Each structure stands twice: as structure tokens, then as C-alpha cells.
Amino acid sequence: LAASFGAGTLAGLRVVVSAGPTYEDIDPVRFIGNRSSGRMGFAVAEAAALAGAEVTLVAGPVSLPTPPGVARRIDVRSAAQMREAVLAGAAQADIYVGAAAVGDYRPLEVAPHKLKKQDGAPLALQLTENPDILKELAARSPRPFLVGFAAETRELAAYAQDKLARKGLDMIAANRVGAGLGFEAEDNALAVYWPGGGEELPRAPKRDLATRLVACIAERYRATYA
Ligand code: CTP
Ligand code: CA
């Protein structure tokens, strides 16, 4: 049984996993978020721990228990907080898996008081882009083995392979969102790409899929640093 979980394949390695959405505050009672449940990232953290890694889980706002075997969990809310926690953890990490759905934009200003309606007039929110955590890690030297996620509603392979190259990643796990898959769903299916190769991980419950993904990461990690 242990062998089927790939126990030991990540023994001695430090792995940081980010998971869940981020919330970007608009005012004291409102935020911009997304539909990530955090389940895929939590499953990856659990699978990596089962494979023998020392796992740090950086979690956005989710309501999930810490998976067994995970060494430490850091709870964050915004993309800025996630960036800080990930960069700190990744400095000593061998592998970073960015499963979090990091908010791409945040309000330029957070209103100090609750926004009031304007007698039917439209409300315009000004947004500014958040820093890209993965890209920032990719520019570091030394840097951990970098695994990104790409959730796409169309042109999965093309968009994912473009992200792999553009962000300078070692691997990307792409999933189609919608039709009972991806965000808020029990099941997922992944297409995994690395420079010069790839593998399909067919539809399965997120925990099973995470086990397969971790095996794939371990294999590519060994191939890269052997
Ligand atoms: N990511 C990140 N920091 C960000 C945005 C994304 O580290 N500010 C990471 C995610 O954790 C994920 C990967 O980048 O591992 C791809 O995220 P995705 O949203 O698919 O890519 P983007 O570059 O944000 O492109 P898009 O415009 O399609 O959202
Ligand atoms: Ca994005």
C-alpha cells in the first residue's frame, strides 16, 4: 500500500504548497475573491507529506482542516500576504507547488469605511495588478523546483504551455474549469506539461489525482537534479 502512495519518493525534501483563493479587500465588509475551494492544493500537500516531504502549506481563506502529516500551515488572506509567506518559505524549499488561485488584481485603495450607495449611479472600482509570486520565484537563484497550476475554460494546452514558458516553470498542471471539474468540484482532471514533455492525468477525485501529480513531480524533480 505504501508503495502505491509513493512513500519515500520525496523523503528529505522540503515542499511549499500554496492553496485556496485570495481575498482582496474593498472596504471593511467587502472583498474580491474567487471560487477556489483549496481542495486540490490541500490534497497535494497531503500527498507530498505521505511521500515523505516536510510540507509547509500556505492557505488562503478556506474552511478545510490541515491534512495529516503537514508540518506547518500558514493562513493568509490577500495576495500580498500569500506572497510574503510563500517567498519566506520558498527560500529554504526544494519544491514549490503554486496551487493557489492568487487574485490577479486588488483595489488600488481600500476604503477605510463601508462604501455607501450613490443614488443609482454606477460605482467604478479601480484595480491594480498583484505581483506574480511564481514569476518572482523563477527569477531567484537558487530557486526551488517550480510547479504552477493553470485553470482554464478554453484552449487548455496552449494557455498552459504558454504559462510554463512565460513564467519559467519546471512543470505546470492544467485543469479545465466547468462541467463538474475544477473549482468547487469533487473531481478534477489534469494535463501536466514540462519543458519537452507531458502527461495526462485522467478524471479522478482530487485526492487520487494529487497522489499521481506528486509522483509525477518527484519523477521530474529527480530527472532535473539527478
Ligand atoms: N500565480 C502567482 N501569482 C499571481 C498569479 C498567479 O503565483 N499573482 C500562479 C498561480 O498560483 C498558478 C499560476 O501562477 O500556479 C498560474 O495562474 P493563472 O491565474 O492561471 O495565471 P496568470 O498568469 O494569472 O494568467 P491569467 O491571466 O490566465 O489569470
Ligand atoms: Ca490569474
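Only a predicted model underlies this, so the values are computations on that prediction, with no experimental measurement involved. (Residues numbered from 1 in each chain as written. Chains lettered and ligands numbered in written order. Predicted model: local features only at pLDDT ≥ 70, side-chain atom pairs only at ≥ 80, totals over all residues. Heavy atoms only, no water.)

**A few points about the coordination of the calcium ion (ligand 2)**
Okay, step 1: Taken together, Asp104 (OD) and Asp104 (OD) make up the full set of protein donors to the calcium ion (ligand 2), lying 2.4 to 2.5 Å away.
Okay, step 2: Among the secondary structure elements, Asp104 is positioned in the loop between β6 (95-98) and β7 (105-107). (Donors = N, O, S within 2.8 Å, 3.2 Å for Na, K, Ca; no water. Helix = DSSP H or I, 4+ residues; strand = E, 2+ residues; numbered from the N terminus.)

**A short note on the UniProt feature "binding site: CTP" (unreviewed entry) in the protein**
Okay, step 1: When the UniProt feature table is mapped onto this chain, "binding site: CTP" (unreviewed entry) is found at Asp104, Lys114, Pro131, Asp132, Ile133, Leu134, Phe149, Lys163 and Lys167. On the basis of their most widely separated C-alpha atoms, the annotated residues across 64 residues do not gather in one place, lying as much as 37.5 Å apart.
Okay, step 2: Structurally, Asp132 is set in the loop between β8 (127-129) and α3 (133-138).
Okay, step 3: Judged by its relative accessible area of 27%, Asp132 falls in the partly exposed class.
Okay, step 4: Looking at where Ile133 falls in the secondary structure, it is placed in helix α3.
Okay, step 5: With near-sequence residues (within four places) excluded, Ile133 lies in contact with Ala79, Met82, Arg83, Val86, Tyr96 and Val102. (UniProt positions renumbered as here; feature names shortened; annotations may be inferred. Buried < 20%, exposed > 50% of the residue type's maximum accessible area, 1.4 Å probe, protein only. Contact = heavy atoms within 4.5 Å.)

**Considerations on the sheet that holds strand β12 (residues 197-205)**
Okay, step 1: Read across the sheet, eight strands follow the order β5-β4-β1-β6-β9-β10-β11-β12 without closing on themselves; strand pairing throughout is mixed. Every interior strand has two partners, whereas the edge strands, β5 (72-75) and β12, have only one. With direction set aside, neighbouring strand axes in the sheet form an average angle of 15 degrees.
Okay, step 2: Where β6 and strand β9 (residues 145-152) come together, four bridges link them in parallel fashion. From the neighbouring strand, Tyr96 faces β9, where its bridge partner is Leu146. (Pairing = 2+ DSSP bridges. Axes fitted to C-alpha atoms, helices over the stretch in contact; angles between N-to-C directions.)

**Quick word on the pattern of salt bridges**
One side chain can pair with another of opposite charge once the charged atoms of both are near each other.
Okay, step 1: Taken as a whole, this structure holds 13 salt bridges when the rule is applied.
Okay, step 2: The salt bridge involving Asp187 is made with Arg203; its shortest N-O contact spans 3.1 Å. On the criterion of sequence distance, the pair formed by Asp187 in strand β11 (residues 187-194) and Arg203 in strand β12 is long-range, its members being 16 residues apart. (Salt bridge = Lys/Arg side-chain N within 4 Å of Asp/Glu carboxyl O.)

**As for the site of ligand 1**
Okay, step 1: As a matter of local geometry, ligand 1 sits amid 13 residues, with Gly98, Ala100, Pro131, Lys163 and Lys167 nearest to it.
Okay, step 2: Between ligand 1 and the protein, one listed contact pairs an oxygen atom with a side-chain N or O atom of Asp104 at 3.1 Å.
Okay, step 3: Separating an oxygen atom of ligand 1 from a backbone N or O atom of Phe149 is a distance of 2.9 Å.
Okay, step 4: Breaking the shell around ligand 1 down by element, the ones donating at least two residues are α3 and β9.
Okay, step 5: It is β9 that contributes the most residues to the shell around ligand 1, three residues altogether.
Okay, step 6: Tallied by class, the residues present in the shell around ligand 1 amount to seven nonpolar, two polar and four charged. (Near = heavy atom within 4 Å. Polar contact = N/O pair within 3.5 Å; in protein donor to acceptor, adjacent residues only side chain to side chain. Nonpolar A, V, L, I, M, F, W, Y, C, P; charged D, E, K, R; others polar.)

**Details of the side chain of Thr56**
Okay, step 1: By the element assignment, Thr56 lies in strand β4 (residues 54-59).
Okay, step 2: A relative accessible area of 7% means that Thr56 is categorised as buried.
Okay, step 3: Not counting residues within four places of it along the chain, the set of residues in contact with Thr56 comprises Val15, Val16, Val17, Arg72 and Ile74.

**Comments concerning the pairing of β6**
Okay, step 1: Here β6 shows a buried face lined by Ile95 and Val97 and a second buried face lined by Tyr96 and Gly98.
Okay, step 2: Judged from the four bridges that link them, strand β1 (residues 14-19) and β6 form a sheet pairing that is parallel. Looking at β6, one finds that Val17 is bridged to Val97.

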